[in-house]
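Working through the structure, step by step
So you can see what is in the structure, the chains are spelled out below.
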Amino acid sequence: MAGHWLNEIELPRGMLWVDEFDWSAVAKTVDRSITGALVIDAMAVIEGRPITLQAVEDQGWIARQTLLAVQALAQEPGAQYPLVLADGRSFSVQFAPDNPVSAKPVARPELPPADYPYVATLRLITV
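Overview of the structure. (Residues numbered from 1 in each chain as written. Predicted model: local features only at pLDDT ≥ 70, side-chain atom pairs only at ≥ 80, totals over all residues. Heavy atoms only, no water.)

**Structural notes on the overall build of the chain**
- The helix and strand inventory of the chain stands at 1 helix and 11 strands.
- For the chain, whose C-alpha radius of gyration is 18 Å, the value lies well above the compact-globule estimate of 14 Å for 127 residues.
- C-alpha atoms of the chain, sized along the principal axes, occupy 70 × 30 × 25 Å.
- Burial analysis of the chain (127 residues in total) assigns 31% to the buried set. (Helix = DSSP H or I, 4+ residues; strand = E, 2+ residues; numbered from the N terminus. Rg over C-alpha atoms; globule rule 2.2 N^0.38 Å. Buried < 20%, exposed > 50% of the residue type's maximum accessible area, 1.4 Å probe, protein only.)

**Focus on helix 1 (residues 64–74)**
- Residues Thr66, Leu67, Val70, Leu73 and Ala74 constitute the buried set of helix 1. Projected onto a plane normal to the axis of helix 1, the buried residues spread over an arc of 115 degrees and lie on a single side. (Arc of directions from axis to C-beta.)

**Points about a nonpolar patch on the surface**
- Taken together, the side chains of Val30, Leu38 and Ile40 present a nonpolar region at the surface, about 300 Å² in accessible area.
- The residue Leu38 is located in strand 5 (residues 38–44) in this model. (Patch = residues over 30% accessible without salt bridge, like charges linked within 9 Å, V, L, I, M, F, W, Y side chains within 5 Å. Areas by Shrake-Rupley, 256 points an atom, 1.4 Å probe, with all protein chains shown as cover. Salt bridge = Lys/Arg side-chain N within 4 Å of Asp/Glu carboxyl O.)

**Quick word on the nonpolar core**
- Counting residues in each nonpolar core, the largest one holds 25 residues, and the members touching the most others are Leu6, Leu11, Leu53, Val70, Leu83 and Phe95.
- Going through the elements one at a time, strand 2 (9–11), strand 6 (50–54), helix 1, strand 8 (81–84), strand 9 (90–95) and strand 11 (117–126) are the ones with two or more residues in this core.
- Ranked by residue count, the leading element in this core is strand 11, at 5 residues.
- In this structure Phe95 touches Leu6, Val70, Leu73, Ala74, Tyr81, Pro100, Val101, Arg123, Leu124 and Ile125, once residues within four positions along its chain are discounted. (Core = buried A, V, L, I, M, F, W, Y, C linked by side-chain atoms within 4.5 Å. Contact = heavy atoms within 4.5 Å.)

This is the structure we're talking about:
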């Protein structure tokens, strides 16, 4: 089974999009006019949707070498990358500004090899 693809890096399929439904394509502000009437202003939100891909203790582990490659992408200021999810949906993304990549090893190896598994979270936003 194929996983997700970020740029040319394959990510584990078990990394789930955990905030897929925590976003709205419509932004609204509610205010009152000087007469007291309700004024609702709405607009379409085109970019900035969060895509947080997250592994858990028992699925979606990412190899250390892959994690290092992803972290290198996150260090490129303002860079945009193609993201293709395992279900075929695709997005143009960049890494979120705060804490774009976090990860912990599955255990506590002294010298982890390149294929050592990590439980990671990747925070992206659509652009």
